[in-house]
Amino acid sequence: MQHQAYQPILPSVNKYLQYKWDKSCYETHRKKVKSAKPTITTTPPKTYNHLIVKLKKQQLEEERLSRIERENHMLLDKMSHIMQTAGGVDCKNDYVKKSLGGAKRQLELLHITKENERILQRLSTCRPQYNTQDWHNQWLKNNEFMKNISRYPGQYTHGSFLPPISSARHGTVVHDKVKNKNITRHVDEDSAGMLNGKEDSDKERKSKVKVTCEDED
């Protein structure tokens, strides 16, 4: 059991007394550690009531409100006295505003109004230079001409219904093309015949001119 006995750091004569002395020193050290005070204060600062409540500010506010209330009462007394009596000052003003050029401006305004009325009367009684009925009749005639020379039907307005396309109309496209070719061919032939007839007539006229010249000789 020698290893379980107290082993002092320094050599000593009696181990039991050394253990007692070391234990007392350790307890004294622990008491000092527990009772030691910190060098840095971590507690919140002390609060002062006069900094939070601010009695002086409250006093000034109460004085201001009392002064306003006193002035309001004084004003109310004055207004009630004025309403009950006629007042010490006559504030009525019977002055009529005058103008040096008011009559002249009134005459000018009247003259302008009469001129406008005369112009309006002339405009209302003026006869138009163009006849809209003739324009309308001419427009109807132009529409008729356009319908006669147009191949397809005219433009339909919004809301109108297009006429139904018949089955016979589908087959007339090719025939129309063939007819157009035949018409152009006939037109070419007719124009060529007219040119030939014109040339013949020119030749006959020239021959007649020559014959008349020879008879005169």
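Just so we're clear, the structure is a prediction, and the values are computed from it rather than from any experiment.

What counts, and where the lines are drawn
- Residues numbered from 1 in each chain as written.
- Predicted model: local features only at pLDDT ≥ 70, side-chain atom pairs only at ≥ 80, totals over all residues.
- Heavy atoms only, no water.
- Helix = DSSP H or I, 4+ residues; strand = E, 2+ residues; numbered from the N terminus.
- Buried < 20%, exposed > 50% of the residue type's maximum accessible area, 1.4 Å probe, protein only.
- Areas by Shrake-Rupley, 256 points an atom, 1.4 Å probe, with all protein chains shown as cover.
- Patch = residues over 30% accessible without salt bridge, like charges linked within 9 Å, V, L, I, M, F, W, Y side chains within 5 Å.
- Salt bridge = Lys/Arg side-chain N within 4 Å of Asp/Glu carboxyl O.
- pLDDT = per-residue confidence, 0-100.
- Contact = heavy atoms within 4.5 Å.
- Phe/Tyr/Trp six-rings, centres within 6.5 Å; stacked < 30°, edge-to-face > 60°.
- Polar contact = N/O pair within 3.5 Å; in protein donor to acceptor, adjacent residues only side chain to side chain.

> How should I be thinking about the overall build of the protein in this particular structure?
Each helix and strand counted, the protein has 7 helices and 0 strands in total. Tracing the protein from N to C terminus, the helices and strands come up as α-α-α-α-α-α-α. When the 217 residues of the protein are sorted by exposure, 1% land in the buried category. Surface accessibility of the protein: about 22600 Å² in total, with carbon and sulfur atoms responsible for 59%.

> Is there a simple way to think about a nonpolar patch on the surface in this case?
Together, Tyr48, Leu51, Ile52, Val53 and Leu55 make up a nonpolar patch on the protein surface, roughly 530 Å² of accessible area in all. Per-element tally for the nonpolar patch: the top contributor is helix α2 (residues 49-53), with 3 residues. Take Tyr48: its relative accessible area is 44%, and that puts it in the partly exposed class.

> Please explain unusual backbone geometry as it appears in this structure.
Residues apart from glycine generally show negative phi values, whereas peptide bonds are mostly found in trans. Here the phi dihedral of Lys54 falls at roughly 55 degrees; this positive angle occurs in a residue that is not glycine. Tracing the sequence through the fold places Lys54 in the loop between α2 and α3 (55-84). For Lys54, a relative accessible area of 46% translates into the label partly exposed.

> Explain the pattern of salt bridges to me, please; I cannot follow it from the model alone.
Pairs can form between side chains of opposite charge once their charged atoms are near each other. Counted under the stated rule, the structure contains 2 salt bridges. Among the salt bridges present, the one from Arg64 reaches Glu61, with a minimum N-O distance of 2.8 Å. On the criterion of helical spacing, the pair formed by Arg64 and Glu61 is a turn pair, its members being 3 residues apart in helix α3. Across the pair Glu115 and Arg118 runs a salt bridge whose closest N-O atoms are separated by 2.2 Å.

> It is not clear to me how the confidence of the model for the protein should be interpreted in this structure. Could you clarify?
When pLDDT drops low, the exact placement of atoms in the prediction is not to be read closely. On average, residues of the protein carry a pLDDT of 77, and 66% of them reach 70 or more. Low pLDDT, under 50, characterises residues 156-175; the predicted model gives this stretch 5 contacts beyond four residues in sequence or across chains. This stretch, residues 211-217, has a pLDDT under 50; its non-local contacts, to residues over four places away or in other chains, come to 0 contacts.

> Hey, could you run me through the packing of aromatic side chains in this one?
Overall, the coordinates contain 2 aromatic pairs when judged by the stated rule. With 5.5 Å between their ring centres and 40 degrees between their planes, Tyr130 and Trp135 make a pair best called tilted.

> Can you walk me through the environment of Ser99 in this structure?
Mapped onto the fold, Ser99 is located in the loop between α3 and α4 (102-125). Among the polar contacts listed, one links the side chain of Ser99 to the side chain of Arg105, at a separation of 3.0 Å.

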